[in-house]
Amino acid sequence: MAYLDTDDGGRVYYEHHRAAKLPVVLIHGWGMSGDYWASAVEALLADGHGAIVVDHRGCGRSDRDFSDMSIDAIARDVAAIVERCDASRVALNGWSLGGAVAVAAAELLGDRVAGLILTCGASPRYVQGDGFPHGGLPEDVLGIGAAITADRPGFFRALAEGASGEGASEAMIGWVERGFLATGPRASDTLAGLATLDQRGLLASFAFPVLSIGGAKDSIADPAIAGFAANCAANGTLLTMDTGHSPQLENPSAYNEALLAFVRKLAQ
């Protein structure tokens, strides 16, 4: 086990799976943990690529009592972990809210970034706004904290069903549900950042390749967001999979194939 000691007194858990080829930094979605990247890590290692897996503040094996739970704070943790791992060049892969973290971390890491994958990413925006008609409304996101407080088990059960995809097994839903239930009491503070997030200018400024993967049946992140992200990026590509919000869980074979194809090109 490895931990990053942050400037504000907490510890962030990460794993550094070393290999000869370009490593991929795997940044999970809100309320989850790095465990939900296990299949992708196995595929990367089998192909000779390294993997760096991070548990967000308040999630997984990281501490729960951070005063700053913002997307930007998590992005700073990711950048610091990449530096701690002495990785001179990486690909970043962010799932759901982790996509927003990955975009913010890419700005901090600069020339270290070889490419970016957004897996059903909540970037460049998650909610509707000026010039962005996709997603839900800011007040929907801001109301989630109260909904969790009112019925934590019921809220996370419904969210796990949505995140697990259409026709998911009870084993899958239960696994995802346990991840959500294990989050700290201030995790909703992180999610609230999506109500005002706008990374359009930042995403457009990146010269490196961006692969935006969307789920055609995604009920959590509007599939149109993935297409917008691909068009917003200077060097973006859209891949739409016949899945819901978690293609790496719902169809790991197809997802890993797409991930490896993209990363291999970056490593050339």
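Residues numbered from 1 in each chain as written. Predicted model: local features only at pLDDT ≥ 70, side-chain atom pairs only at ≥ 80, totals over all residues. Heavy atoms only, no water.

**A few points about the packing of helix 6 (residues 152-164) against helix 7 (residues 170-181)**
Right, on to step 1. Two numbers describe how helix 6 lies on helix 7: the axes approach to 8 Å, and their chain directions differ by 130°. As the angle between them shows, helix 6 and helix 7 are arranged oblique. As helix 6 runs across helix 7, the sense of the crossing is right-handed. For the pair helix 6 and helix 7, the contacting residues are Arg152, Pro153, Phe156, Arg157, Leu159, Ala160, Glu161, Ala163 and Ser164 in the first and Glu170, Met172, Ile173, Val176, Glu177, Phe180 and Leu181 in the second. (Axes fitted to C-alpha atoms, helices over the stretch in contact; angles between N-to-C directions. Helix = DSSP H or I, 4+ residues; strand = E, 2+ residues; numbered from the N terminus. Parallel < 35°, antiparallel > 145°, perpendicular 65-115°, else oblique. Left-handed = near helix turned anticlockwise from the far one by under 90°. Contact = heavy atoms within 4.5 Å.)

**With respect to the layout of surface pockets**
Unoccupied space between atoms shows up once a probe the size of one water molecule is rolled over them.
Right, on to step 1. Taken as a whole, the largest pocket holds about 380 Å³ of empty space.
Right, on to step 2. Contributing to the lining of the largest pocket are 24 residues, with Tyr126, Ile144, Leu159, Leu191 and Ile220 lying nearest its centre.
Right, on to step 3. Counting residues per element, the ones that place at least two in the lining of the largest pocket are helix 4 (138-142) and helix 6.
Right, on to step 4. Ranked by the residues each element gives to the lining of the largest pocket, the list is headed by helix 6, at 4 residues.
Right, on to step 5. Across the lining of the largest pocket, the residue classes break down as 16 nonpolar, 6 polar and 2 charged. (1 Å grid on protein atoms, 1.4 Å probe; cavity = no way out; pocket = protein on both sides within 12 Å on 5 of 7 lines; lining within 4 Å. Points joined across faces, edges and corners; volume = space filled by probe spheres on them. Nonpolar A, V, L, I, M, F, W, Y, C, P; charged D, E, K, R; others polar.)

**Here we look at helix 10 (residues 223-232)**
Right, on to step 1. The complete set of buried residues in helix 10 reads Ile225, Ala226, Gly227, Ala229, Ala230 and Cys232.
Right, on to step 2. In this fold, the buried residues of helix 10 make contact with strand 6 (113-119), helix 9 (200-205), strand 7 (210-215) and strand 8 (236-241). (Buried < 20%, exposed > 50% of the residue type's maximum accessible area, 1.4 Å probe, protein only.)

**Section: empty space enclosed by the protein**
Right, on to step 1. Following the criterion strictly, the structure yields 1 cavity of 30 Å³ or more and no others.
Right, on to step 2. In this structure, the largest cavity spans a volume of roughly 30 Å³.
Right, on to step 3. If you trace the largest cavity, you find it lined by Cys120, Gly121, Gly214, Gly215, Asp218, Ala221, Asp222, Pro223, Ile225 and Ala226.
Right, on to step 4. Contributing elements (two or more residues each) for the lining of the largest cavity: strand 7 and helix 10.
Right, on to step 5. With 3 residues, the top contributor of residues to the lining of the largest cavity is helix 10.
Right, on to step 6. Split by residue class, the lining of the largest cavity holds 5 nonpolar, 3 polar and 2 charged.

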